[in-house]
Amino acid sequence: AGRRLLVLFGSQTGTAQDTAERVGREAKRRHLQCQVEALDSCDVANLIHEPLVVFVCATTGQGDPPDNMKMFWRFLFRKNLPAGSLCQLDYAVLGLGDSSYPKFNFVAKKLHKRLLQLGGNPLLPVALGDDQHDLGPDAVVDPWLVALWDKILALYPLPPGLEIISPDVRLPPKYTLHYLPEDSPHPDSDLLQPTAPRAAPCELHPFAARVVSNRRLTAQSHFQDVRLIEFDIVGSGITFSAGDVVMIQPQNCPEDVQQFCQLLRLEPHKRFVLEPTEPGTALPPLLPQPCTIQHLVTHYLDISCVPRRSFFELLASFSTNELEREKLQEFSSAQGQEELFSYCNRPRRTTLEALWDFPHTTCAIPADYLLDLIPRIRPRAFSIASSLLAHPERMQILVAVVRYKTRLSKPRRGLCSTWLASLNPEQGDVRVPLWVKKGGMKFPADPATPVIMIGPGTGVAPFRAAIQERVAQGRRGNCLFFGCRYKSKDFFCQSEWEELVTKGLLTLFTAFSRDQ
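Since this is a predicted model, take the numbers as computed values, not measurements.

## Re the overall build of the protein
Thinking step 1. A tally of regular secondary structure across the protein gives 15 helices and 20 strands.
Thinking step 2. Its C-alpha radius of gyration of 25 Å places the protein within 12% of the 24 Å reference for a compact globule of 516 residues.
Thinking step 3. Across its three principal directions, the C-alpha atoms of the protein cover 85 × 60 × 50 Å.
Thinking step 4. For the protein, the proportion of its 516 residues judged to be buried stands at 47%.
Thinking step 5. Within the protein, contacts between residues separated by at least 24 positions form 76% of all contacts whose residues are at least 6 apart in sequence.

## A few points about the UniProt feature "domain: Flavodoxin-like" (unreviewed entry) in the protein
Thinking step 1. With numbering aligned to this structure, UniProt lists the feature "domain: Flavodoxin-like" (unreviewed entry) at residues 5–149.
Thinking step 2. Regarding residues 5–149, the helix share stands at 32% and the strand share at 23%, and the terminal C-alpha atoms are separated by 12 Å.

## A few points about the sheet that holds strand β18 (residues 451–454)
Thinking step 1. In space, the 3 strands of this open sheet follow the order β18-β19-β20, with parallel pairing throughout. For this open sheet the edge positions go to β18 and β20 (507–512), each flanked by a neighbour on one side alone. Strand-to-strand twist across the sheet, computed as the mean angle between neighbouring axes with direction ignored, equals 10°.
Thinking step 2. Taken together, the 6 bridges between strand β19 (residues 478–484) and β20 define a ladder with parallel strand orientation.

## A look at the side chain of Asp232
Thinking step 1. Residue position: Asp232 is located in strand β9 (residues 226–232).
Thinking step 2. On the basis of relative accessible area, Asp232 is assigned to the buried category, the value being 11%.
Thinking step 3. Among the polar contacts made by the side chain of Asp232, one reaches the main-chain amide nitrogen of Val234 at a distance of 2.9 Å.
Thinking step 4. Dropping the residues within four chain positions of it, Asp232 is found in contact with Phe207, Ala209, Arg210, Val212, Glu393 and Arg394.

## Brief notes about the nonpolar core
Thinking step 1. Core analysis: the biggest nonpolar cluster contains 41 residues, and Phe260, Leu296, Leu301 and Phe312 have the highest contact counts within it.
Thinking step 2. Core analysis: the second largest hydrophobic core is formed by 27 residues, Leu124, Val141, Ile152 and Tyr156 among them.

## Focus: the sheet that holds strand β8 (residues 207–216)
Thinking step 1. Within the open sheet, the 6 strands sit side by side as β13-β10-β17-β8-β9-β14. Their pairing is antiparallel. Of all strands in the sheet, those with a lone pairing partner are β13 (380–383) and β14 (394–400), marking the two edges. If you compare each strand with its neighbour and ignore which way they point, the axes differ by 40° on average.
Thinking step 2. Strand direction decides the pairing type here: β9 and β14, joined by 7 bridges, are antiparallel. Looking across to β14, one finds that Phe231 is bridged to Met395.

Procedures and definitions
- Residues numbered from 1 in each chain as written.
- Predicted model: local features only at pLDDT ≥ 70, side-chain atom pairs only at ≥ 80, totals over all residues.
- Heavy atoms only, no water.
- Helix = DSSP H or I, 4+ residues; strand = E, 2+ residues; numbered from the N terminus.
- Rg over C-alpha atoms; globule rule 2.2 N^0.38 Å.
- Buried < 20%, exposed > 50% of the residue type's maximum accessible area, 1.4 Å probe, protein only.
- Contact = heavy atoms within 4.5 Å.
- UniProt positions renumbered as here; feature names shortened; annotations may be inferred.
- Pairing = 2+ DSSP bridges.
- Axes fitted to C-alpha atoms, helices over the stretch in contact; angles between N-to-C directions.
- Polar contact = N/O pair within 3.5 Å; in protein donor to acceptor, adjacent residues only side chain to side chain.
- Core = buried A, V, L, I, M, F, W, Y, C linked by side-chain atoms within 4.5 Å.

Now the structure itself:
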């Protein structure tokens, strides 16, 4: 009963969450009661009652904590926390970072030090996983976890008669899918009601904004497709200022959804409810109950992301085909990581494409494991490119459509930008789920302070918002440096800038790299 482990993560792109879930699986194999959750989802005050916690955290930006641990971070660094408040806590910190940044693993190092100050007892030195390593963060994580389990099993030995569950034995899924009979009544709920939200929209309650226009800004002959997209945010309660960021929740394209359902032999229109395998596990907050397979695959499962090592590990356990199973086991072993990198990461192969390559295994995937196998679609961030003072009730963004070639025959496409570019407001009521986040860019409060803004390419987006805002407030001293390839092809918002220059409200410096 006393063998309890809490795994808490701070994750921006999903890598730290994936690693935290791996720690959770390894704990279950050692018969520990284990809860895995985001740092901001747990009640920090309860840390004083926890005997054993593993923290897995990424570092974002310039040494910043990820969004889902910001509240925890603020609480932990309060000056009035007593020095010995965590003296009952055995802990370990696993950091994920990138040594090409000056503040490498800053959050993990600082967290480790702070827990020590509060009286916590570290089981191991902080692990500093590095994206730049040939084998990625696993080069550090793998040996560190071996040492961690040695320490934990010394403190909490296996109960008599129990063995560590072998990696060949598949753990139960997090949830089971219970299909509903065809004739069960459907509540007619449109999943994104454009109603006035309770509070400002957020990740769990996005606002379904109507697309007003979707205009290509680059010449047709230009290699890159860049869009200016405008949303109607009337009634949303959304406010923003220059430098703020809009988060957009994208969806998979219908062809990919159809292919995925065919490969896995899923019926898109079947409805199901989810039931957690272990009591106390929360349901995924963004999925309606009941839900259709179509909705799950379109809006939730990230079938176009590059699969991680954990994907191949779980996939191997479903495989009935010897050849496929051997390859999948190689991809999930420590020795097979270079091979996996050149199969997946280098060519940016998607989860859907990987499933195509293992057809015998793919058709054997039980639907119950879909949510363990494939991560959820993450929201994408865009700088807001307009000001409410210039465009009330509206919000505009500048989107470069991501499309590039690798050695795979099909060009790689960005999930969110491709979806946004495909939306045509002339074909009816087209809506996009979004919410706003404070940006890291601050403009001077004093109207007399001049501002120099340097934003080549789509990097000009936040400055367009700032210039619109400052001009509306009657501020002068606006100076913009803009660069792109050709004056005639990708000079975004050219006429706008030139008009402001003529009125004496903007000083503009340009550089066109190919117009030499």
